[in-house]
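What follows is the residue order along each chain.
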Number of protein chains: 2
Amino acid sequence: MSSSSSSPPAAAPPPEEPRPVRFGILGCASIARKLARAMLLAPGAVVAAVGSRSEGKARGFAEETGLLRQGGAAPRLHGSYEALLDDPSVDAVYLPLPTSLHVRWATAAAARGKHVLLEKPAALCAADLDAILAACEAAGVQFMDATMWMHHPRTAKMRELVADKATTGDVRVINSLFSFRADEEFLHNDIRVKPDLDALGALGDVGWYCIRAILWAVDYELPKTVIALRNPVRNQAGVLLACGATLYWADGKIAIFNCSFLTNLTMDMTIVGTNGTLHVTDFVVPYEEKSAPFSMASKSSFAELHIGWDPLPSKHVVPTDLPQEALMVQEFSRLVQNIRDAGGKPEGKWPAITRKTQVVMDAMKTSIDNEFSPVDVSS
Amino acid sequence: MSSSSSSPPAAAPPPEEPRPVRFGILGCASIARKLARAMLLAPGAVVAAVGSRSEGKARGFAEETGLLRQGGAAPRLHGSYEALLDDPSVDAVYLPLPTSLHVRWATAAAARGKHVLLEKPAALCAADLDAILAACEAAGVQFMDATMWMHHPRTAKMRELVADKATTGDVRVINSLFSFRADEEFLHNDIRVKPDLDALGALGDVGWYCIRAILWAVDYELPKTVIALRNPVRNQAGVLLACGATLYWADGKIAIFNCSFLTNLTMDMTIVGTNGTLHVTDFVVPYEEKSAPFSMASKSSFAELHIGWDPLPSKHVVPTDLPQEALMVQEFSRLVQNIRDAGGKPEGKWPAITRKTQVVMDAMKTSIDNEFSPVDVSS
């Protein structure tokens, strides 16, 4: 807008840098080391406290992860989870505990007004998750599950292409694979093979990502039916080490996934639409930290005589300054700041996506438990 | 071997170049144009005759494909399939007719002592195929189906890596997708959507390649059970336009495929083993004619803190002087020469692979026809 006044406008004060979100890390699981680094890298976040079952463990974790050297104050070290939750300097907790402990500690955190960044799988079942989400809603705190790849700029770029009808058309088939080859130590001792800790096993761990990828690809439209693949592999305690499923939508879309602790590291998401095909083979953890590739074929035809393709698929490489887990922490912190500092409401998108993932996982588990019969997905 | 004689050894006569195999092309389908070019390119092959429903059609085909300009004699042009089969100058027929005509013309060719290179799907069912194979066996002629990618040097290179236990380990999961987006003209008029011509539709056409890829990946071990995916798409005449299946082996191996005329051109084969993962996204027709890519990840681990992969997958590019269809013609011609000129026997590997592909296709069709129930695969 132009102005006829000749006097310069009053200089606006520089926008105040929002106060960082003060994270408490609740539990010193291996994955928490990655998140501690992310909180050091992410603008708008600081690690204010670490809570473990002993103060010595908390100190060891803080030393190992460089938290004692972070700019500003060193984190407070708590010898119990309760003490961390009682720490008034903590705005938000990151909770990487075994899944069986999620309901107890996530609801406790919310009840004390802490925002909740929760490791996946969010819960053992949708009913458990609902208890967590209800506690967060009642307390007015932000909930997000720690599915890091959602926050990579590659994911936004892929969304742009998948959502574009000219490029991809209607999505019809989604394939996802996620496996890694667990070693003997893992297969005997990791929490993810223990029925009392992470009873969902490979389904809860690697399968979570496959289900999320599939839901992401269809913009979170729930499937109508889930049918588990036969021949799931269980350990002696009955925990799933490998399994898969097919998902069906009312309009004919189909998705297939397979997840395993028993095969080579593989992270595929393939989306086939009427007009285009997207391939990504490192969707959960990009091959390299600073950039992430995918390929997109659109309106692919055969060359004359079918001796080649025309056009060839396009290769995309999406750079990122921050690793995806730091971008996740940054996004979560923004949402917390909006609530804490600006009277905003929690963003409902994140708990909604978590719940849909959990609901599909429930259906998958029910299908396995019922001889691979079709299971209706109810929201 | 050294010799004490000072006289030079008698010069051996140069090895005689074997007489080329004289092909008759039986029917002028679109795919036959690609094969005519392959026969012009392949050492050891000549097109001796073209047979169509009229001599004019045969002439038009020969003109269009450059057969009239080939070195040596122009092919004889026959106005009927019978006349081509009666042509004594024809050693072998390439048969690209609609599938419903395969039994009649492939058995007729064999009965006249012609070797048979048969387009896929080989037959509408295993019983029909058995009639063809029995005729070939009785006549002592070579049988091969025209699955071209089997003959690309990339396929041999991939076999080497998949068979290597250190690289791939035990194969556990195979995924295959093959689709192309048919236009309206195809969906209304192509033989592959006509119940009286190619009644297997997308299953017989694109699905053939998926099944072959899966069997190839497990070195042709038949699955124990096949279960079709739900929601196959059919046209008004009941012909399949899109469908899929899961395949199960007794040892827990799983394969999944999806084939369609309704989505963007996609040609995936993914093989996941205990030690390695192979990805190829143009397995049926390579993106480009002179070289073909694939990637192989082996013993992939996470980098420290799971912020990347170590090692990264290897990219392979396999060059080829001749296109895969010419290599197929060359290989078929070698087998024919061995029989015709050296008293050899037909190579049993090719009909055996064809039959396994057909048997799995039968099971898949039975599963669709029986409400997606599990179907035992009987050899």
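Residues numbered from 1 in each chain as written. Chains lettered and ligands numbered in written order. Predicted model: local features only at pLDDT ≥ 70, side-chain atom pairs only at ≥ 80, totals over all residues. Heavy atoms only, no water.

1. Quick look at the relation of the copies chain A and chain B
Then comes step 1: Expressed as a screw operation, the relation of chain A to chain B combines 0.0 Å of axial shift with a rotation of 180 degrees, fitting to an RMSD of 0.0 Å. Taken together, these values place the two copies in the relation of a two-fold axis.
Then comes step 2: Both copies present the same face, since 100% of the interface residues in chain A are matched by interface residues at the equivalent positions in chain B. (Least-squares fit on C-alpha atoms with pLDDT ≥ 70 in both. Contact = heavy atoms within 4.5 Å.)

2. Notes on helix α4 (residues 102-111) of chain A
All names here are of chain A.
Then comes step 1: Among the residues of α4, His102, Trp105, Ala106, Ala108, Ala109 and Ala110 are the ones counted as buried.
Then comes step 2: Those residues of α4 that are buried are in contact with β1 (21-26), α3 (81-85), β4 (92-95), β5 (115-118) and α5 (126-139).
Then comes step 3: Downstream of α4 by one or two residues, Gly113 has phi in the positive range, about 80 degrees. (Buried < 20%, exposed > 50% of the residue type's maximum accessible area, 1.4 Å probe, protein only. Helix = DSSP H or I, 4+ residues; strand = E, 2+ residues; numbered from the N terminus.)

3. Focus on the interface of chain A and chain B
Then comes step 1: At the junction of the two partners, chain A supplies 59 residues and chain B supplies 59 residues.
Then comes step 2: Together chain A and chain B conceal approximately 4900 Å² of surface at their shared face, both sides included; 62% is due to carbon and sulfur atoms.
Then comes step 3: When the buried surface of chain A facing chain B is broken down by residue, Asn264, Tyr287 and Trp309 of chain A rank first, second and third, together holding 14% of it.
Then comes step 4: The interface formed by chain A and chain B contains two salt bridges. (Buried area = accessible area lost by both parts, 1.4 Å probe. Salt bridge = Lys/Arg side-chain N within 4 Å of Asp/Glu carboxyl O.)

4. So, the sheet that holds strand β6 (residues 143-145) of chain A
All names here are of chain A.
Then comes step 1: Judged by pairing direction, the sheet is parallel, and its six strands sit side by side in the order β3-β2-β1-β4-β5-β6 without closing on themselves. With one partner strand each, in any of the chains shown, β3 (76-78) and β6 form the two edges of the open sheet. Direction aside, the axes of adjacent strands within the sheet are offset by 25 degrees on average.
Then comes step 2: Of the pairings in the sheet, the one linking strand β2 (residues 45-51) to β3 comprises three bridges and is parallel in character. (Pairing = 2+ DSSP bridges. Axes fitted to C-alpha atoms, helices over the stretch in contact; angles between N-to-C directions.)

5. Section: the side chain of Gln337 of chain B
Residues and elements named next belong to chain B.
Then comes step 1: For Gln337, the position within the fold is in helix α9 (residues 324-342).
Then comes step 2: On the basis of relative accessible area, Gln337 is assigned to the buried category, the value being 11%.
Then comes step 3: Excluding residues that lie within four positions of it along the chain, Gln337 makes contacts with Pro18, Arg19, Pro20, Val21, Gly44 and Ala342.

6. Brief notes about the domain arrangement of chain A
Residues and elements named next belong to chain A.
Then comes step 1: Taken domain by domain, chain A comprises domain 1 (21-149) and domain 2 (150-322 + 350-376).
Then comes step 2: One C-alpha centre belongs to domain 1, the other to domain 2; they are set 27 Å apart.
Then comes step 3: Listed as interface residues are 24 residues of domain 1 and, on the opposing side, 29 residues of domain 2.
Then comes step 4: Summing both sides of the interface, domain 1 and domain 2 together bury roughly 2400 Å²; the carbon and sulfur share of this comes to 59%.
Then comes step 5: Where domain 1 packs against domain 2, one counts four salt bridges.
Then comes step 6: We note a salt bridge from Arg212 to Asp145, for which the minimum N-O separation is 2.7 Å. (Domains from an automatic or database assignment.)

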